[in-house]
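Structural characterization, general
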Amino acid sequence: MESGKLCDEVPIVPYPPGVLPADNDNTKISRYDFHDDFLFGTATSAYQVEGAAAIGGKSISVWDDLTLRDPGGIDDQSNGNVSADMYHRFKEDIKMMKQMGFNSYRFSISWSRVLPGGRWSAGVNREGIDFYNDVIDTILKYEMTPHVTLFHFDLPHCLEKEYEGFLNRNIVDDFLEYVELCFWEFGDRVKIWTTINEPRSYAFNGYVIGFFPPNKVSCTFEEALRSMPTYKCSIDSMKTRKALEKAITVAHRGKICSPKYPYIVGKNLLLAHAEAVESYKTKFKESQGGTVGIALNSVWYVPYDRNSEEDIKAVRRGVDFMLGCYPKNMEDAIPPEAQLKHHEIEKIKGSIDFLGFNYYTTLVAKHDPNPKGEGYLADRKMEKDLYKTKEGLLIGEKSGAEWLHVVPWGLHVHLKFLKETYGDDLPPIHITENGFADKNTKEHTAYIASQDQLRIKYYQDHLAHLLHAMKKERVIVKGFFAWSWCDNFEWKEGYKVRFGIIYVDFNNNQTRYPKLSAMWFAKFLKAEKKLRAVEV
């Protein structure tokens, strides 16, 4: 294995065999290293960028409810009421995307903007339909491909309040009504659909650690508290259950729930996806000719102790608990209420035309033979969120987000794993999210914050490792979407981090400034065709 780099004098985990070496020159990579019809785009989601929270007939989503009712649940007490104001600025943004050379744009539809009451019987909001028609028509005007996500975490609050949202099987029927409306209204022009973005994130953050709505906590109190990096109180000093409950109520905004809940939510998310796909294939595909997939997220892992068989097994177990549709590693953990019936499994199998894959980072896996509590975190039998190995090697260079370390080779290794695991059954892949975070430092001017050389290197290295994996592992990848087009509301972190290649001045009328990474992408996408620049 090749020696790793230093990060603030801390040695980095070495690059594994078979991937591009750490000192490979990836600066000359070009879009022409990829096939001609490869999709290059940026990605956003409705709640994170649209704003217009009370404009155009939109109803309250679960994120509107959380951020307005309990702003303390967000690290900087912010919300998405205005955010990047893309509701009013999408035309200038999409025009800029085209000018930079992007040929696709991935965005999501707000369920509560088109169906304010969550279902048809409560009324269709034509103003919301018109808005998304305008977005789609603008993308097509600039000869770009719309890549539409139907659900990106922003459930109508009325459905959560009525029957607890994805905890209830009723959600599958209401989701089907919603997606069929979208297929009917937009499917003549949209040919790439993603049903659900990161179902694991929705179940984990909403029902394990409680960071997302509906803020339910099913892990142990200690695990919940340790998952809050800003929490100041010592866990060891809190001797009673009552004190722990109070801490979660005050600092975590969580509601204690059954450890079964994340699995039940996961099941209903998969069923909702399967019903949406079946509907499209039986009612719309013949006339519209589109494709439907799902976007899954996963980190890669390295063993804490490379000489430990248990830690090596934990690597596969960690990936299975993020990616798998109930693989063998999870079978014993699934409660009866969340078990999929045979006909449900058959409906889910082969239900995607493509796999959307969101990759950001790699973590360290350490086996935990005696996990505390019960539920998802305990079922994995892994210690949580490790960034260093037994030898003290850091997994990768740090970004501005605590959870994101830069490990570009992890994308290659993960794609190799998928190919070896699923073989010819692996559908074509779209890298639907990949991106780098900077801390949002108030003292930085727009100019200083736009000098994002680390983000440029992040994309150069990840694109190079993606290309290498495509050629060496024979993985079919058809698109790459940078997260994100512009700085936006980043869920629990609010505006404390910036992922965009476009700087947004949230204090000055959401003015846009291209960062150096945006200029790099423009050069990357419009570079003259030449000899292959990346050694593969």
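Predicted, not measured: the structure shown is a model, and the values here were computed from it. (Residues numbered from 1 in each chain as written. Predicted model: local features only at pLDDT ≥ 70, side-chain atom pairs only at ≥ 80, totals over all residues. Heavy atoms only, no water.)

Some remarks on the packing of aromatic side chains
So the rule is basically this: Aromatic rings from Phe, Tyr and Trp, with only the six-membered ring used for Trp, were paired whenever their centres fell within 6.5 Å, and each pair was classed as stacked if the ring planes differed by under 30 degrees, edge-to-face if by over 60, and tilted otherwise. Only DSSP runs of H or I reaching four residues or more are called helices, and only runs of E reaching two or more are called strands; each is numbered from the N terminus. The rule is simple: take the accessible area with a 1.4 Å probe, protein chains only, and divide by the maximum for that residue type; under 20% is buried, over 50% is exposed, in between is partly exposed. Cation placement over rings: the criterion is NZ of Lys or CZ of Arg within 6 Å of the ring centroid and within 35° of the ring normal.
Counted by the stated rule, this structure contains 50 aromatic pairs. Both rings, one in phenylalanine 40 and one in phenylalanine 524, keep their centres 5.2 Å apart while their planes meet at 85 degrees; by these two values the pair is edge-to-face. On the criterion of sequence distance, the pair formed by phenylalanine 40 in strand β3 (residues 39–43) and phenylalanine 524 in helix α19 (residues 516–526) is long-range, its members being 484 residues apart. Considered together, phenylalanine 40 and phenylalanine 524 belong to a single accessibility category, that of buried residues. Here phenylalanine 183 and tryptophan 193 contribute two aromatic rings whose centre-to-centre distance is 5.1 Å and whose plane-to-plane angle is 80 degrees, an arrangement assigned as edge-to-face. With phenylalanine 183 in helix α7 (residues 170–186) and tryptophan 193 in strand β6 (residues 192–197), this pair connects stretches of sequence that are 10 residues apart. When sorted by exposure, phenylalanine 183 lands in the same class as tryptophan 193, which is buried. Sitting over the face of the ring of tyrosine 32, arginine 31 holds its NZ or CZ atom 5.8 Å from the ring centroid. Lying across the ring of phenylalanine 131, arginine 113 places its NZ or CZ 5.7 Å from the centre.

Structural notes on the packing of helix α18 (residues 453–472) against α19
The condition that has to hold: A fitted line through C-alpha atoms serves as each axis, taken over the contacting stretch for helices, and the angle formed by two N-to-C directions is quoted from 0 to 180°. Helix crossings are classified by the rotation of the near helix relative to the far one: an anticlockwise turn of less than a right angle makes the crossing left-handed, while a clockwise turn makes it right-handed. By the convention used here, residues are in contact when the closest approach between their heavy atoms is within 4.5 Å. Classification used: nonpolar for Ala, Val, Leu, Ile, Met, Phe, Trp, Tyr, Cys and Pro, charged for Asp, Glu, Lys and Arg, polar for all others including Gly.
Between α18 and α19, the shortest axis-to-axis distance is 8 Å and the interhelical angle comes to 35 degrees. Crossing handedness for the pair α18 and α19: right-handed. Seen from α18, the contacting residues are Gln453, Arg455, Ile456, Tyr459, Gln460 and Leu463; seen from α19, they are Leu516, Ser517, Trp520, Phe521 and Phe524. Partitioned by chemical class, the residues of the contact of α18 with α19 number seven nonpolar, three polar and one charged.

Topic: the packing of α7 against helix α11 (residues 261–288)
Helix packing for two helices is described by the angle between their axes and how far apart those axes are. In plain terms, the rule: Oblique is the label for any angle not under 35 degrees, not over 145, and not in the 65 to 115 range, which are roughly parallel, roughly antiparallel and roughly perpendicular in turn.
Direction vectors running N to C along α7 and α11 enclose 30 degrees, while the axes themselves pass 9 Å from each other. In terms of orientation, α7 lies roughly parallel with respect to α11. Handedness of the crossing formed by α7 with α11: right-handed. Here α7 contributes Ile171, Val172, Phe175, Leu176, Val179, Glu180, Phe183 and Trp184 to the contact with α11, which in turn contributes Asn268, Leu271, Ala272, His273, Glu275, Ala276, Ser279, Tyr280, Lys283, Phe284 and Gln288. Its residues assigned to classes, the contact of α7 with α11 comprises 12 nonpolar, four polar and three charged.

Section: the side chain of aspartate 487
Put simply, the rule reads: What qualifies as a polar contact is a pair of N or O atoms within 3.5 Å, subject to a donor-acceptor requirement within protein and to the restriction that residues adjacent in sequence count only when both atoms come from side chains.
Note on placement: aspartate 487 falls in the loop between β17 (477–483) and β18 (497–498). Within polar-contact distance, the side chain of aspartate 487 engages the side chain of arginine 498 at 2.5 Å.

Thoughts on the environment of lysine 526
Relative to the helices and strands, lysine 526 is located in helix α19. Each C-alpha atom, one on lysine 526 and one on arginine 31, is 7.8 Å from the other, the two residues being 495 residues apart in sequence.

As for unusual backbone geometry
In this structure, proline 214 follows proline 213 across a cis peptide bond, with omega equal to 5 degrees. On the secondary structure map, proline 214 appears in the loop between α8 (199–207) and β7 (216–217). In the Ramachandran plot, lysine 381 falls in the positive-phi region, its phi being about 55 degrees despite a non-glycine side chain. Note on placement: lysine 381 falls in the loop between α15 (376–380) and β13 (397–398). Here arginine 474, not a glycine, exhibits a phi torsion of approximately 60 degrees, which is positive.

Looking at the sheet that holds β3
The criterion, for reference: Only strands joined by at least two bridges in the DSSP assignment are considered to pair.
Reading around the barrel, the eight strands line up as β3-β4-β5-β6-β9-β11-β15-β17 and close back on themselves, with parallel pairing between neighbours. Strand after strand, the sheet turns through a mean of 25 degrees between neighbouring axes, direction not considered. Bridging between β3 and β17 involves five bridges; their strand directions are parallel. Paired with leucine 39 across the bridge in β17 is glycine 479. Against the sheet, α8 contacts β5 (145–151), β6 and β9 (291–297), and its axis sits at roughly 40 degrees relative to β9.

Examining the environment of proline 369
As for its placement among the helices and strands, proline 369 is situated in the loop between β12 (362–365) and α15. In sequence terms proline 369 and glutamate 310 are 59 residues apart; their C-alpha atoms lie 9.1 Å from each other.

Side note on the pattern of salt bridges
Heads up, the condition is: Whenever Lys or Arg places a side-chain nitrogen within 4 Å of a carboxyl oxygen from Asp or Glu, that contact is recorded as a salt bridge.
Applying the stated rule across the entire model yields 30 salt bridges. For the salt bridge of glutamate 275 with lysine 347, the shortest nitrogen-to-oxygen distance reads 2.8 Å. Taken as a pair, glutamate 275 in helix α11 and lysine 347 in helix α14 (residues 342–348) lie far apart in primary sequence, 72 residues in all. What makes lysine 347 partly exposed here is its relative accessible area of 28%. Taking the shortest distance from any N to any O, the salt bridge between aspartate 452 and arginine 455 comes out at 2.9 Å. Shared partners join several salt bridges into a network, and the residues in it are Arg119, Glu162 and Asp174.

Some points on the confidence of the model for the protein
Rule in force here: The pLDDT value tells you how sure the predictor is about a given residue, anywhere from 0 up to 100.
Overall, the predicted model of the protein reaches an average pLDDT of 91, with 90% of residues at or above 70. When mean pLDDT is compared element by element in the protein, strand β4 (residues 104–108) scores highest at 99, while strand β1 (residues 6–7) scores lowest at 42. Low confidence marks residues 1–7, where pLDDT is under 50. Its contacts with residues over four positions away, or in another chain, come to 24 contacts. Per-residue pLDDT stays below 50 along residues 228–240; that stretch engages in 16 contacts with residues further than four places along the chain or on separate chains.

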